[in-house]
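# Residue-level structural notes
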Amino acid sequence: MENQFSVFKKFASIEQARELISFLNSNTIETELSNNIAPVDNILIGNSLNQEFEIKIKLSDFDKANKLLEAVAEDQISTVDSDYYLFDFTDDELYDILLKQDEWNEFDYFLAKKLLSQRGKPIDDNLINSLNKKRLNELSKTEVNQKPWIIAGYIFAFLGGFLGLIIGYVLITSKKNLPNGQRIYSYNNVDRKHGKTIFYIGIVMLSFYILLRIVLTQ
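Here we summarise the structure given alongside this text. (Residues numbered from 1 in each chain as written. Predicted model: local features only at pLDDT ≥ 70, side-chain atom pairs only at ≥ 80, totals over all residues. Heavy atoms only, no water.)

### Notes on the overall build of the chain
Basically, it comes down to this: Runs of H or I in DSSP of at least four residues are treated as helices and runs of E of at least two as strands, each being numbered from the N terminus. Only C-alpha atoms enter the radius of gyration; for comparison, a globular chain is expected to reach 2.2 Å times N to the power 0.38, where N is the number of residues. Categorising residues by exposure relies on relative accessible area from a 1.4 Å probe, with only protein chains included: less than 20% of the type maximum marks a residue as buried, more than 50% marks it as exposed, and the intermediate range marks it as partly exposed. It only takes one pair of heavy atoms within 4.5 Å for two residues to be counted as in contact.
Scanning the chain from terminus to terminus reveals nine helices and five strands. Listed by position from the N terminus, the elements making up the chain come as β-α-β-α-β-α-α-α-α-α-α-β-β-α. For the chain, whose C-alpha radius of gyration is 23 Å, the value lies well above the compact-globule estimate of 17 Å for 218 residues. Expressed as a percentage of its 218 residues, the buried residues of the chain come to 33%. A fraction of 67% describes how many contacts in the chain between residues 6 or more apart in sequence connect residues 24 or more apart.

Shown next, in the form of C-alpha coordinates:
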(Lines give C-alpha, C1' and ligand atoms only; values in the text may rest on other atoms or scores of the structure.)
Protein backbone atom coordinates (compact mmCIF):
# COMPACT_ATOMS: atom_id res chain seq x y z
CA MET A 1 0.00 0.00 0.00
CA GLU A 2 2.80 2.42 0.91
CA ASN A 3 4.43 1.84 -2.49
CA GLN A 4 1.19 2.61 -4.32
CA PHE A 5 1.25 5.81 -6.38
CA SER A 6 -1.45 8.34 -5.59
CA VAL A 7 -2.25 11.87 -6.76
CA PHE A 8 -0.10 14.41 -4.88
CA LYS A 9 -0.77 17.63 -6.79
CA LYS A 10 -2.85 18.79 -9.76
CA PHE A 11 -1.97 21.61 -12.15
CA ALA A 12 -3.69 23.36 -15.03
CA SER A 13 -0.45 23.77 -17.01
CA ILE A 14 2.27 21.31 -17.96
CA GLU A 15 4.96 23.87 -17.07
CA GLN A 16 3.89 23.98 -13.42
CA ALA A 17 3.72 20.21 -13.28
CA ARG A 18 7.18 19.74 -14.78
CA GLU A 19 8.66 22.27 -12.37
CA LEU A 20 7.39 20.30 -9.37
CA ILE A 21 8.44 17.00 -10.94
CA SER A 22 11.99 18.31 -11.39
CA PHE A 23 12.06 19.48 -7.76
CA LEU A 24 10.75 16.19 -6.39
CA ASN A 25 13.06 14.08 -8.57
CA SER A 26 16.07 16.12 -7.45
CA ASN A 27 15.13 15.13 -3.89
CA THR A 28 14.96 11.42 -4.75
CA ILE A 29 11.17 11.24 -4.90
CA GLU A 30 9.87 9.13 -7.78
CA THR A 31 7.00 10.67 -9.74
CA GLU A 32 4.43 9.81 -12.37
CA LEU A 33 2.71 12.36 -14.61
CA SER A 34 -0.71 11.86 -16.14
CA ASN A 35 -2.53 14.20 -18.50
CA ASN A 36 -6.23 13.92 -17.84
CA ILE A 37 -9.38 15.51 -19.11
CA ALA A 38 -11.97 15.52 -16.36
CA PRO A 39 -13.78 12.15 -16.61
CA VAL A 40 -17.47 11.56 -17.07
CA ASP A 41 -18.02 11.28 -13.31
CA ASN A 42 -16.98 14.93 -12.94
CA ILE A 43 -19.85 15.85 -15.21
CA LEU A 44 -22.23 14.04 -12.85
CA ILE A 45 -21.11 16.20 -9.92
CA GLY A 46 -21.16 19.40 -11.91
CA ASN A 47 -17.51 19.90 -12.86
CA SER A 48 -16.56 21.08 -16.32
CA LEU A 49 -14.32 19.32 -18.78
CA ASN A 50 -10.97 20.86 -17.87
CA GLN A 51 -7.57 19.44 -18.65
CA GLU A 52 -5.56 18.49 -15.58
CA PHE A 53 -1.97 17.41 -15.10
CA GLU A 54 -1.70 15.08 -12.15
CA ILE A 55 1.55 14.36 -10.35
CA LYS A 56 1.55 11.05 -8.53
CA ILE A 57 4.04 9.88 -5.92
CA LYS A 58 4.22 6.93 -3.57
CA LEU A 59 2.08 7.19 -0.46
CA SER A 60 5.21 6.59 1.61
CA ASP A 61 6.72 9.80 0.14
CA PHE A 62 3.81 12.13 0.94
CA ASP A 63 5.20 13.36 4.25
CA LYS A 64 8.68 13.90 2.81
CA ALA A 65 7.34 15.78 -0.22
CA ASN A 66 5.12 18.01 1.92
CA LYS A 67 7.99 18.87 4.26
CA LEU A 68 10.21 19.79 1.29
CA LEU A 69 7.55 22.09 -0.14
CA GLU A 70 6.94 23.59 3.30
CA ALA A 71 10.63 24.44 3.63
CA VAL A 72 10.67 26.17 0.24
CA ALA A 73 7.52 28.13 1.06
CA GLU A 74 8.87 29.28 4.42
CA ASP A 75 12.04 30.56 2.74
CA GLN A 76 10.00 32.53 0.21
CA ILE A 77 7.83 34.20 2.86
CA SER A 78 10.69 36.44 4.00
CA THR A 79 10.80 38.09 0.57
CA VAL A 80 7.07 38.61 0.01
CA ASP A 81 5.99 42.10 -1.08
CA SER A 82 3.87 44.12 1.34
CA ASP A 83 1.13 44.51 -1.28
CA TYR A 84 0.61 40.74 -1.63
CA TYR A 85 -3.13 40.06 -1.65
CA LEU A 86 -3.22 37.90 1.49
CA PHE A 87 -2.32 40.93 3.62
CA ASP A 88 -5.86 42.21 2.94
CA PHE A 89 -7.53 38.98 4.08
CA THR A 90 -9.59 38.96 7.26
CA ASP A 91 -8.79 36.55 10.08
CA ASP A 92 -11.68 34.30 9.06
CA GLU A 93 -10.44 34.21 5.46
CA LEU A 94 -6.95 33.27 6.62
CA TYR A 95 -8.33 30.51 8.84
CA ASP A 96 -10.28 29.26 5.82
CA ILE A 97 -6.97 28.86 3.98
CA LEU A 98 -5.69 26.71 6.83
CA LEU A 99 -8.87 24.62 6.72
CA LYS A 100 -8.76 24.17 2.94
CA GLN A 101 -5.02 23.70 2.55
CA ASP A 102 -5.57 21.37 -0.41
CA GLU A 103 -7.02 24.28 -2.43
CA TRP A 104 -4.04 26.60 -1.85
CA ASN A 105 -0.35 26.49 -2.64
CA GLU A 106 2.19 26.00 0.13
CA PHE A 107 3.33 29.64 0.02
CA ASP A 108 -0.15 31.03 0.70
CA TYR A 109 -0.78 28.42 3.37
CA PHE A 110 2.31 29.29 5.39
CA LEU A 111 1.91 33.01 4.85
CA ALA A 112 -1.64 32.72 6.24
CA LYS A 113 -0.22 31.00 9.33
CA LYS A 114 2.40 33.71 9.74
CA LEU A 115 -0.11 36.56 9.34
CA LEU A 116 -2.47 35.03 11.90
CA SER A 117 0.40 34.58 14.31
CA GLN A 118 1.48 38.21 13.83
CA ARG A 119 -2.09 39.29 14.59
CA GLY A 120 -1.99 37.39 17.87
CA LYS A 121 -4.36 34.65 16.75
CA PRO A 122 -3.94 31.10 18.12
CA ILE A 123 -1.99 28.80 15.82
CA ASP A 124 -0.65 25.51 17.19
CA ASP A 125 -0.27 21.86 16.20
CA ASN A 126 -3.54 20.88 17.89
CA LEU A 127 -5.45 23.47 15.87
CA ILE A 128 -3.79 22.45 12.60
CA ASN A 129 -4.45 18.76 13.27
CA SER A 130 -8.07 19.56 14.10
CA LEU A 131 -8.50 21.55 10.89
CA ASN A 132 -6.87 18.80 8.83
CA LYS A 133 -9.16 16.19 10.36
CA LYS A 134 -12.22 18.36 9.76
CA ARG A 135 -11.23 18.87 6.13
CA LEU A 136 -10.68 15.15 5.54
CA ASN A 137 -14.09 14.43 7.03
CA GLU A 138 -15.69 16.99 4.71
CA LEU A 139 -13.95 15.66 1.60
CA SER A 140 -14.72 12.05 2.58
CA LYS A 141 -18.45 12.65 2.29
CA THR A 142 -20.03 11.00 -0.72
CA GLU A 143 -21.55 13.12 -3.47
CA VAL A 144 -25.24 13.82 -2.95
CA ASN A 145 -28.32 14.25 -5.14
CA GLN A 146 -27.58 11.61 -7.78
CA LYS A 147 -31.32 10.87 -8.23
CA PRO A 148 -31.62 12.72 -11.58
CA TRP A 149 -28.64 10.79 -12.99
CA ILE A 150 -29.96 7.50 -11.62
CA ILE A 151 -33.35 8.08 -13.27
CA ALA A 152 -31.63 9.07 -16.53
CA GLY A 153 -29.44 5.98 -16.26
CA TYR A 154 -32.43 3.66 -15.97
CA ILE A 155 -34.19 5.34 -18.90
CA PHE A 156 -31.16 5.12 -21.21
CA ALA A 157 -30.42 1.55 -20.03
CA PHE A 158 -33.93 0.30 -20.86
CA LEU A 159 -33.76 2.08 -24.21
CA GLY A 160 -30.55 0.23 -24.96
CA GLY A 161 -28.53 3.42 -25.05
CA PHE A 162 -24.80 3.31 -24.47
CA LEU A 163 -25.09 6.34 -22.17
CA GLY A 164 -26.94 4.17 -19.65
CA LEU A 165 -23.91 1.87 -19.47
CA ILE A 166 -21.62 4.84 -18.92
CA ILE A 167 -23.75 6.33 -16.14
CA GLY A 168 -23.99 2.95 -14.43
CA TYR A 169 -20.26 2.31 -14.71
CA VAL A 170 -19.41 5.76 -13.32
CA LEU A 171 -21.74 5.33 -10.34
CA ILE A 172 -20.08 1.98 -9.56
CA THR A 173 -16.40 2.80 -9.99
CA SER A 174 -15.90 6.54 -9.52
CA LYS A 175 -13.37 7.45 -6.83
CA LYS A 176 -11.86 10.71 -5.58
CA ASN A 177 -8.49 11.58 -4.08
CA LEU A 178 -8.10 12.93 -0.57
CA PRO A 179 -5.23 15.29 0.38
CA ASN A 180 -3.49 12.46 2.26
CA GLY A 181 -3.36 10.33 -0.90
CA GLN A 182 -6.24 8.04 0.02
CA ARG A 183 -8.78 7.16 -2.68
CA ILE A 184 -12.42 6.63 -1.75
CA TYR A 185 -15.64 5.97 -3.65
CA SER A 186 -17.41 9.13 -4.79
CA TYR A 187 -20.92 7.76 -4.33
CA ASN A 188 -22.66 6.01 -1.44
CA ASN A 189 -23.54 2.30 -1.38
CA VAL A 190 -27.16 2.87 -2.38
CA ASP A 191 -26.22 4.90 -5.47
CA ARG A 192 -23.51 2.37 -6.38
CA LYS A 193 -26.07 -0.46 -6.16
CA HIS A 194 -28.30 1.51 -8.53
CA GLY A 195 -25.25 1.90 -10.76
CA LYS A 196 -24.74 -1.86 -10.89
CA THR A 197 -28.40 -2.44 -11.73
CA ILE A 198 -28.32 0.24 -14.44
CA PHE A 199 -25.11 -1.19 -15.89
CA TYR A 200 -26.42 -4.76 -16.11
CA ILE A 201 -29.79 -3.67 -17.48
CA GLY A 202 -27.91 -1.65 -20.07
CA ILE A 203 -25.86 -4.68 -21.12
CA VAL A 204 -28.95 -6.89 -21.43
CA MET A 205 -31.04 -4.33 -23.32
CA LEU A 206 -28.22 -3.26 -25.61
CA SER A 207 -27.55 -6.91 -26.47
CA PHE A 208 -31.26 -7.47 -27.07
CA TYR A 209 -31.56 -4.51 -29.44
CA ILE A 210 -28.44 -5.55 -31.32
CA LEU A 211 -29.77 -9.09 -31.79
CA LEU A 212 -33.20 -7.75 -32.76
CA ARG A 213 -31.65 -5.52 -35.41
CA ILE A 214 -29.62 -8.43 -36.79
CA VAL A 215 -32.75 -10.59 -37.02
CA LEU A 216 -34.81 -7.84 -38.67
CA THR A 217 -32.16 -7.14 -41.29
CA GLN A 218 -31.91 -10.74 -42.39
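### Examining the packing of aromatic side chains
This is how the line gets drawn: Two aromatic rings from Phe, Tyr or Trp, using only the six-membered ring of Trp, form a pair when their centres are within 6.5 Å; if the ring planes differ by under 30 degrees the pair is stacked, by over 60 it is edge-to-face, and anything between is tilted. To sit over a ring, a charge needs its Lys NZ or Arg CZ within 6 Å of the ring centre and within 35 degrees of the ring normal.
Considering all chains together, one arrives at nine aromatic pairs under this definition. Where Y84 meets Y85, the ring centres are 4.8 Å apart and the plane angle is 45°; that geometry is what we call tilted. Between Y169 and F199, the aromatic rings sit 6.3 Å apart at their centres with planes inclined by 45°, giving tilted as the arrangement. Residue Y169 is found in helix α8 (residues 162-173), and its partner F199 is found in helix α9 (residues 189-217); the two are separated by 30 residues along the sequence. With a relative accessible area of 48%, Y169 lands in the partly exposed category. One aromatic cluster in this structure is built from Y84, Y85, F89, W104 and F107. It is K9 that lies over the ring of F8; its NZ or CZ is 5.5 Å from the centre. The ring centre of Y185 lies 3.6 Å from the NZ or CZ of R192, which sits over that ring.

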